[in-house]
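Reading the structure
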Amino acid sequence: MAEMGEEKQHSIPALPWMRDPVDITLSQQLPLHSVPSLHPKLKSALEDLGISNLFPVQVAVWHETVGPGNFERDICVNSPTGSGKTLAYALPLVQMLSDRITRCLRALVVVPTRDLALQVKQVFDAIASPLGLRVGLAIGQSSLADEISELVEMPAHDISTYYDPHHVSLPRFQSKVDILVATPGRLMDHINTTKGFTLEHLYYLVVDETDRLLREAYQSWLPTVLELIQSNDDGFFQPADSFFPCSVGALRTRRRCGVERGFKDKPYPRLAKMVLSATLTQDPGRIIQLNLHHPLLLKAGQMRYRLPENLESFKLICDKNVKPLYLIALLKSLGEEKCLVFTKSVDSTHRLCQLLNCFEDLQIDIKEYSSLQHQRVRSKTLNEFRKGVFQVLVSSDALTRGMDVEGVRNVINYDVPKYIKTYVHRAGRTARAGQTGRCFTLMSEDEVRRFKKLMRKAEGGSCLDHNISSSLIEALNTSYQSALTKYKVIISKTQKKPKK
Ligand SMILES: Nc1ncnc2c1ncn2[C@@H]1O[C@H](COP(=O)(O)OP(=O)(O)OP(=O)(O)O)[C@@H](O)[C@H]1O
């Protein structure tokens, strides 16, 4: 519903600064040796990753942060899926923190899901460790205690025996990380309960998949973070448990300054922010929550939504009752290519995966990924899919945002997405980093009109027909019928089982 609300808005943004963006498509790829001020260690870390040029979005963000823009303004990025937004923010952060002296938590990156956080951390690890920067995770993958031990160095003495209210030297907690990648829920756990966890030295805040993160309150993580920073800057900040002060000795953090009208032209310290998405919200009510400082929008192309350049979209028309048969025929016709199949819900994902696995002699390994599964199962499945252990992954929309799986050549929408945003993110799991990819959408005749209307909202949204030969359908029909019978038996058995 929330996405629909936003799509109904007029395409001309209400916020004046959003009407005059910097067009990323005008930037060229830039060879690493031409990137101004690029730290030599960062350059060689990138080379180790096989990267020889920065992508246009990375060049544009570098220019506005490390380059002449000098991060005077907060940066909003709206560029297509797979265009390289992760490195676009990771590179400047690492470069800007490379000359830090004391280890404190300086940069916070918030993402909506655990698997995405793990992926982002991997990118940071590869470029930050060569510069001596440590990256932490707050995602709830391990127990809170384990996570705390990775993030905060406890004082050497036992605090309960050490504390003396009249003693001037208070226990000193020390951050073990310079950069933290977090999901909002676990971030709030640390803010509320972890002794020694502090945002008082934070310089940079990155909100990846911004529209997704702003759509849900997630225990008010954003106002909480902004309030903590603000009150700390005002000098009024007392941690909730002031029994254990959080400062690192006498260390003071001086943030970069901004001048805002409300401050009577006096400079005030500000947290520098970068917010990014392939479908950045234009809703002023949502954007205002970020409290951006003279925001600058970096955007690819003219339209609000843009599909990757090398993506081809196809529609496959079939009757609703034979959709699984057409899906199997399509998968067969795609040979051994890695495919990602999206359904409309977690239940549909499970049912479809069960049915597909009832096909005999299919010779295609198929697994499912959905938020119904335990995180550990999901991450294991995703790892196996990355490694090519199996070929087809059926997924709910849990996998649409940000996930980067190498070698996915085809995305299949088993159910027509309701919103163009959903199409953009699903289709965007292929055709990444300039590679080619295809997105097939299965639909019945009566869904075609709505789908065409949907696709007109995106740049590059033209869609061709894809036909499956009737001989292939006929050849598969007998196995389809027996798969259906087998599936019905499984379903009736599971329905008879008493619920535990
Ligand atoms: N300069 C580069 N040269 C080569 N490959 C790159 C470069 N920058 C990023 N990549 C690769 O491009 C792929 C997509 O990058 P990334 O995941 O950052 O995209 P994204 O814009 O964040 O996409 P999404 O909107 O789906 O989250 C990754 O596999 C990444 O390693």
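Residues numbered from 1 in each chain as written. Predicted model: local features only at pLDDT ≥ 70, side-chain atom pairs only at ≥ 80, totals over all residues. Heavy atoms only, no water.

Some details on the overall build of the protein chain
Within the protein chain, the regular secondary structure consists of 17 helices and 23 strands. By the burial criterion, 52% of the 500 residues in the protein chain qualify as buried. Within the protein chain, contacts between residues separated by at least 24 positions form 80% of all contacts whose residues are at least 6 apart in sequence. When the accessible area of the protein chain is evaluated, it comes to approximately 23800 Å², of which 51% is carbon and sulfur surface. (Helix = DSSP H or I, 4+ residues; strand = E, 2+ residues; numbered from the N terminus. Buried < 20%, exposed > 50% of the residue type's maximum accessible area, 1.4 Å probe, protein only. Contact = heavy atoms within 4.5 Å. Areas by Shrake-Rupley, 256 points an atom, 1.4 Å probe, with all protein chains shown as cover.)

Re the pairing of strand 13 (residues 272-277)
Summarising burial for strand 13: 6 of the 6 residues are buried, a large majority. Pairing geometry for strand 4 (residues 75-78) and strand 13, over 4 bridges, is parallel. Paired with I75 across the bridge in strand 13 is M274. In terms of strand pairing, strand 10 (residues 204-208) meets strand 13 through 5 bridges, oriented parallel. Across the sheet, L205 pairs through a bridge with K273, a residue of strand 13. (Pairing = 2+ DSSP bridges.)

Re the site of the ligand
For the ligand, the set of nearby residues contains 19 residues, the closest of which are N53, G82, K85, T86 and D404. T86 places a polar side-chain atom, nitrogen or oxygen, 2.7 Å from an oxygen atom of the ligand. D404 has a polar side-chain atom sitting 2.6 Å from an oxygen atom of the ligand. Here the ligand occupies the largest pocket. Mapped by element, the contributors of at least two residues to the shell around the ligand are strand 3 (53-54) and helix 4 (85-97). (Near = heavy atom within 4 Å. Polar contact = N/O pair within 3.5 Å; in protein donor to acceptor, adjacent residues only side chain to side chain. 1 Å grid on protein atoms, 1.4 Å probe; cavity = no way out; pocket = protein on both sides within 12 Å on 5 of 7 lines; lining within 4 Å. Sits in = over half its atoms within 2 Å of the grid points.)

Concerning empty space enclosed by the protein
Applying the stated criterion across every chain, the model contains 3 cavities of 30 Å³ or more. Each pocket or cavity is described by its volume, and for the second largest cavity that value is around 50 Å³. Around the second largest cavity sit N78, S79, P80, A278, K299, A300, M303, R304, Y305 and R306, which together line it. Residue composition of the lining of the second largest cavity, grouped by class: 5 nonpolar, 2 polar and 3 charged. (Points joined across faces, edges and corners; volume = space filled by probe spheres on them. Nonpolar A, V, L, I, M, F, W, Y, C, P; charged D, E, K, R; others polar.)

A word on helix 6 (residues 144-151)
Of the positions making up helix 6, those classed as buried are E147, I148 and L151. Buried residues in helix 6, looked at end-on, bunch into an arc of 100°, giving them a common side. For helix 6, exposure combined with an orientation more than 90 degrees from the buried face picks out A145 and E150. Where helix 6 is buried, its residues touch strand 6 (135-138), strand 7 (152-153), strand 8 (174-175), strand 9 (179-182) and helix 8 (184-193). (Arc of directions from axis to C-beta.)

Some remarks on the packing of aromatic side chains
Across all of its chains, the model carries 7 aromatic pairs by this definition. Note on Y89 and F124: the rings are 6.2 Å apart at their centroids and 40° apart in plane angle, and the pair reads as tilted. Taken together, the positions of Y89 in helix 4 and F124 in helix 5 (residues 114-128) put the pair 35 residues apart, joining distant regions of the chain. The class of Y89 is buried, set by a relative accessible area of 0%. Note on F124: relative accessible area 0%, which makes it buried. Judged by centre distance (5.2 Å) and plane angle (20°), the rings of F314 and F440 are stacked. Taken together, the residues F314 in strand 16 (residues 311-317) and F440 in strand 21 (residues 437-443) connect sequence positions 126 residues apart. (Phe/Tyr/Trp six-rings, centres within 6.5 Å; stacked < 30°, edge-to-face > 60°.)

Topic: the sheet that holds strand 13
With respect to topology, 8 strands assemble into an open sheet ordered 1-14-4-13-10-5-9-6, the strand pairing being parallel. A single partner strand is all that each edge strand has here, and the edge strands are strand 1 (22-23) and strand 6. In the packing of helix 4 onto the sheet, the strands contacted are strand 4, strand 5 (107-110), strand 9, strand 10 and strand 13, and the crossing angle to strand 10 comes to about 170°. Taken strand by strand, helix 5 contacts strand 5, strand 6, strand 9 and strand 10, and its axis lies near 170° from that of strand 6. (Axes fitted to C-alpha atoms, helices over the stretch in contact; angles between N-to-C directions.)

Quick notes on the layout of surface pockets
Size it by volume and the largest pocket reaches roughly 1500 Å³. Together, 48 residues line the largest pocket, and Q119, V123, D404, V405 and R432 are the ones closest to its centre. Put simply, the parts of the chain that give the lining of the largest pocket at least two residues each are helix 4, helix 5, strand 13, helix 14 (375-387) and strand 20 (408-413). Residue contributions to the lining of the largest pocket peak at 8 residues, all from helix 5. Residue classes in the lining of the largest pocket are distributed as 16 nonpolar, 22 polar and 10 charged. Put simply, the second largest pocket is a space of about 1000 Å³. Of all the secondary-structure elements, those providing two or more residues to the lining of the second largest pocket are helix 1 (2-7), helix 9 (210-215), helix 12 (323-333), helix 13 (346-356), helix 15 (420-427) and helix 17 (470-496). For the lining of the second largest pocket, the class distribution of residues is 15 nonpolar, 6 polar and 18 charged.

Side note on the state of the cysteines
All told, the structure shown has 0 disulfides when counted by the stated rule. This cysteine, C353, is not joined by any disulfide, and C358 carries the nearest cysteine sulfur, 9.9 Å off. The class for C353 is buried, based on a relative accessible area of 4%. Unpaired in terms of disulfides, C439 finds its nearest cysteine sulfur in C463, a separation of 8.0 Å. (Disulfide = S-S within 2.5 Å.)

Some points on the pattern of salt bridges
Inspection of the entire model under this criterion finds 23 salt bridges. With its nearest N and O atoms 3.2 Å apart, the salt bridge here joins K323 to D415. Of the two residues, K323 sits in helix 12 while D415 sits in the loop between strand 20 and helix 15, which places them 92 residues apart along the sequence. Residue class for D415 comes out buried when judged on its relative accessible area of 10%. Residues joined by salt bridges that share partners form a network here, namely E209, D211, R401 and K421. (Salt bridge = Lys/Arg side-chain N within 4 Å of Asp/Glu carboxyl O.)

A short note on the environment of S396
Looking at the secondary structure, you find S396 in the loop between strand 19 (392-395) and strand 20. Residue S396 is classed as buried on the basis of its relative accessible area of 3%. Expressed as a C-alpha distance, the spacing of S396 and V346, which sit 50 residues apart in the sequence, is 5.3 Å. Apart from residues no more than four positions distant in its own chain, S396 is found in contact with F342, T343, S345, V346, T349, Y369, S370 and S371.

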